[in-house]
Amino acid sequence: MVALLVAPVAGAQAQAVPNPGERVESLVTFGAQSDKMWGDDDFSQTFFFLIPDNQRTPVYIRVWDPDCGGKNDDLKGAANTTTSFSLYGGPGTFSGPQARDPRPTNPNPTGRLLKSQTFGNDAKYDGKWYTFGPLNPLEGEQVDEFKGRVFKLVARGLTGNDGNLYRYFFSTSPTANVSVEGGNAFTYEYCFRLPATASKTTVHLYPFVNDKVVSIKQSNFDVDNAATLNVFSIAKNGQPGAMSGDGEWTSSTLPIADKEHGLSLDFRLTSTKPAPNDMVMYVTDQYDTALPFFAIPLGGQPRYQYDIKVKVHR
């Protein structure tokens, strides 16, 4: 399984978050005074950035459009929202209590705080990049499961009621988007924007299934009955999942086959709404342990494998 975790990532051409293959419009975090029915259940989002063991040169995490107040954001009147982006490394970043919980109750992220920056309505960063780094790879927490070191970036809506839309890029350059070879990014709770569509648009999310998973439970919030979910993998050819209504949580459970272990699933969400829609999703196993969504699917793009039976007539 370890080989699968590392090999497919090395050939990836882009480490944008969301990745172009996901076709997700943007990440979104709302201010703490927002109505949860707008699509953000807890006004916080955590992403982990994975650096392979052999990386020794500095890396950077770049945030596109970190301010909230420009044309790319979801404003509910005059812009009044502030958002903090806090970077963590060292022991506890990944392994600490609730570090990977999709609905944590502890407001203090685990790990060592390396830097925190708060943005309001600032034209200097509207549609532009802010860069964290340089980061020494050895400052990340070692995660043997993924054969690399991990940093954590927590976005939190502090004040206001607007939606801050933003993106990340994991880079070896402070001024350009240059991929970290063998790197990846992942989250355990995905709060994102489904794009507006005149007909149908499909986005892809890639939860990873380890070798201990027997079944999964997908949970989603505030889809507004405006999208459908179908799950594809080496063993699933479009198995449907339940989607939520306005301001509510909905979940459904799917079995996992042995041949799906060590691979990513392909969650295809097809939107039919003529306006953009913000929503939340996470996935847990039979022990209620959250599974990671990787920006670049581990094991490659999931493809259904047909079982062809040949009957010989004599």
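Everything in this summary refers to the structure shown in the same document. It should be emphasised that the depicted structure is a prediction, and the values quoted were computed from it without experimental measurement.

Some details on the sheet that holds strand β17 (residues 237-241)
Move 1: What the four strands build is an open sheet, ordered β13-β20-β16-β17; its pairing is antiparallel. In this open sheet, the two strands that pair with only one neighbour each are β13 (201-205) and β17. Averaged over neighbouring strand pairs, the angle between their axes works out to 30° when direction is ignored.
Move 2: As paired elements, strand β16 (residues 227-232) and strand β20 (residues 266-271) share six bridges and run antiparallel to each other. Within the sheet, the bridge partner assigned to Leu 229 lies in β20 and is Leu 269.

Overview of the nonpolar core
Move 1: Grouped together as the largest cluster of nonpolar side chains are 48 residues, with contacts concentrated most on Tyr 168, Phe 267 and Leu 269.
Move 2: Contacts of Leu 269, omitting those with residues within four sequence positions, involve Phe 192, Leu 194, Thr 201, Thr 202, Val 203, Leu 205, Thr 228, Leu 229, Met 243, Met 279 and Met 281.
Move 3: Among the nonpolar cores identified, the runner-up in size contains twelve residues, and Leu 50, Phe 146, Phe 208 and Ala 290 belong to it.

A closer look at the side chain of Asp 74
Move 1: Among the secondary structure elements, Asp 74 is positioned in the loop between β4 (59-64) and β5 (82-89).
Move 2: Within the structure, the side chain of Asp 74 is placed 3.2 Å from the side chain of Arg 193, a separation counted as a polar contact.
Move 3: Aside from chain neighbours lying at most four places away, what touches Asp 74 is Phe 30, Asp 162, Gly 163, Leu 165, Arg 193 and Asp 278.

Notes on the layout of surface pockets
Move 1: One number sums up the size of the largest pocket: a volume of about 400 Å³.
Move 2: Lining the largest pocket are 25 residues; nearest its centre among them are Ser 44, Thr 46, Pro 104, Asn 106 and Arg 156.
Move 3: Mapped by element, the contributors of at least two residues to the lining of the largest pocket are β3 (44-52) and β9 (148-159).
Move 4: Per-element accounting of the lining of the largest pocket gives the leading share, four residues, to β3.

Some points on the pattern of salt bridges
Move 1: Under the defined criterion, the tally for this structure stands at nine salt bridges.
Move 2: Close ionic contact of Glu 260 with Lys 236 constitutes a salt bridge, the shortest N to O distance being 2.9 Å. Of this pair, Glu 260 sits in the loop between β18 (249-255) and β19 (263-264) while Lys 236 is found in the loop between β16 and β17, placing the two residues 24 residues apart along the sequence. One exposure class covers both Glu 260 and Lys 236, and it is buried.
Move 3: For Arg 268, the salt bridge identified is with Asp 266, shortest N-O distance 3.0 Å.

What counts, and where the lines are drawn
Residues numbered from 1 in each chain as written. Predicted model: local features only at pLDDT ≥ 70, side-chain atom pairs only at ≥ 80, totals over all residues. Heavy atoms only, no water. Pairing = 2+ DSSP bridges. Helix = DSSP H or I, 4+ residues; strand = E, 2+ residues; numbered from the N terminus. Axes fitted to C-alpha atoms, helices over the stretch in contact; angles between N-to-C directions. Core = buried A, V, L, I, M, F, W, Y, C linked by side-chain atoms within 4.5 Å. Buried < 20%, exposed > 50% of the residue type's maximum accessible area, 1.4 Å probe, protein only. Contact = heavy atoms within 4.5 Å. Polar contact = N/O pair within 3.5 Å; in protein donor to acceptor, adjacent residues only side chain to side chain. 1 Å grid on protein atoms, 1.4 Å probe; cavity = no way out; pocket = protein on both sides within 12 Å on 5 of 7 lines; lining within 4 Å. Points joined across faces, edges and corners; volume = space filled by probe spheres on them. Salt bridge = Lys/Arg side-chain N within 4 Å of Asp/Glu carboxyl O.

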